[in-house]
Amino acid sequence: MSKIDTLQTRLQSVLGDKLKSVKLAKGELTATVSAGDYLEVMRTLRDHPELAFEQMIDLCGVDYSTYGDGRYEGPRYAVVVHLLSVSQNWRLRVRCFCPDDEWPVMPSINDIWNAANWYEREAFDLFGIIFEGHLDLRRILTDYGFIGHPFRKDFPITGHVEMRYDPEQKRVIYQPVTIEPREITPRVIREENYGGLH
């Protein structure tokens with residue numbers, strides 16, 4: 001039995017019906033859990049000796065609103081967490097969808113893995129996902145007065161405001177974006193077998 005098969009068997013044995021799905025793609029397992037079970041599952045993944053995911057490697061938000069060329073129907077926002085077990089030498093991706101698209105809220109896992117602190121702040125800043133129980137949930141990458149969440153698929157590429165230094169006022173000022181939207185034409189490739197394509 002391969003390591004991936006062993007991990008999948010252990011996940012199903014330990015977590016049972018708390019797993020909505022476990023899928024193998026490109027040599028990695030992705031476990032999907034519900035928002036109601038998220039906190040308990042994450043604690044079990046860390047503490048259960050057969051799983052022993054001691055390290056949280058990454059946490060990010062995902063906006064599925066344009067997934068599958070807009071044919072996707074389901075919750076819009078998800079939190080995806082990448083875990084590592086050093087003792088067992090395996091990795092796992094855990095995905096959990098936020099139950100409400102208008103007000104995406106998830107429990108914080110900062111008490112389980114301290115590394116979640118900055119990642120949850122990043123997901124809040126860029127996607128607007130609120131992490132309940134996070135003690136310092138504030139923006140981390142955008143400016144203090146920034147409005148909106150720039151990684152949401154409906155956020156304009158140019159943004160809403162721009163900042164610049166005004167030499168007359170001797171300070172930084174904010175103003176509406178002056179960039180003209182332009183149509184981007186895809187590059188036409190005229191070579192045969194470009195990039196090994198036939």
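One can find the structure itself at the top, above this paragraph.
Residues numbered from 1 in each chain as written. Predicted model: local features only at pLDDT ≥ 70, side-chain atom pairs only at ≥ 80, totals over all residues. Heavy atoms only, no water.

### Some details on unusual backbone geometry
Of note, K26 is a non-glycine position whose phi angle comes to about 55°, a positive value. Along the polypeptide, K26 turns up in the loop between β1 (19-25) and β2 (28-33). Given the relative accessible area of 86%, K26 is considered exposed. Its identity is not glycine, yet N89 carries a phi of approximately 60°, on the positive side. In this fold, N89 is placed in the loop between β4 (77-85) and β5 (90-97). By relative accessible area, which is 54% here, N89 ends up exposed. (Helix = DSSP H or I, 4+ residues; strand = E, 2+ residues; numbered from the N terminus. Buried < 20%, exposed > 50% of the residue type's maximum accessible area, 1.4 Å probe, protein only.)

### Topic: the pairing of β4
For β4, the buried fraction is high: eight of the nine residues fall into the buried class. Here strand β3 (residues 55-63) pairs with β4 via eight bridges, running antiparallel. Counted as the bridge partner of C60 is V80 from β4. The sheet contact formed by β4 and β5 spans eight bridges and is antiparallel. For L84, the partnering residue across the bridge sits in β5 and is R91. (Pairing = 2+ DSSP bridges.)

### Describing the state of the cysteines
Covalent bonding between the sulfur atoms of two cysteines defines a disulfide. Evaluation of the coordinates by the stated rule reveals zero disulfides. Of the cysteine sulfurs around C96, a residue in no disulfide, the closest is that of C98, at 7.0 Å. Note on C96: relative accessible area 0%, which makes it buried. (Disulfide = S-S within 2.5 Å.)

### A few points about the nonpolar core
The biggest cluster of nonpolar side chains holds 35 residues, and the ones touching the most others in it are Y38, M42, L45 and I109. Breaking this core down by element, the ones donating at least two residues are α1 (3-15), β1, β2, α2 (38-47), β3, β4, β5 and α3 (116-127). In this structure, L45 is in contact with L11, L15, L51, A52, F53, L83, L92 and V94, ignoring residues within four places of it in sequence. (Core = buried A, V, L, I, M, F, W, Y, C linked by side-chain atoms within 4.5 Å. Contact = heavy atoms within 4.5 Å.)

### Re α3
A rise of 1.5 Å per residue sets the reference length of α3, with its twelve residues, at 16 Å; its end C-alpha atoms lie 16 Å apart and thus fit the reference within 8%. Of all the positions in α3, only A116, E120, R121, A123, F124, D125, L126 and F127 are classed as buried. On the buried face of α3, the contacting elements are β3, β4, β6 (105-107) and β7 (130-132). Once α3 ends, the next one or two residues include G128, with phi positive near 80°. (Expected span 1.5 Å × (residues − 1).)

### Describing the side chain of R121
With respect to the secondary-structure elements, R121 resides in helix α3. In terms of polar contacts, R121 uses its side chain to reach the backbone carbonyl oxygen of R139, at 3.1 Å. Once you skip the residues sitting within four places of it in the chain, R121 turns out to touch H134, D136, L137, R138, R139 and I140. (Polar contact = N/O pair within 3.5 Å; in protein donor to acceptor, adjacent residues only side chain to side chain.)

### Looking at the packing of aromatic side chains
According to the stated counting rule, one finds six aromatic pairs in the structure shown. Taking the centre distance of 5.9 Å and the plane angle of 85° together, the rings of Y67 and Y72 count as edge-to-face. One aromatic cluster is present, formed by Y64, Y67, Y72 and F97 through successive ring pairs. (Phe/Tyr/Trp six-rings, centres within 6.5 Å; stacked < 30°, edge-to-face > 60°.)

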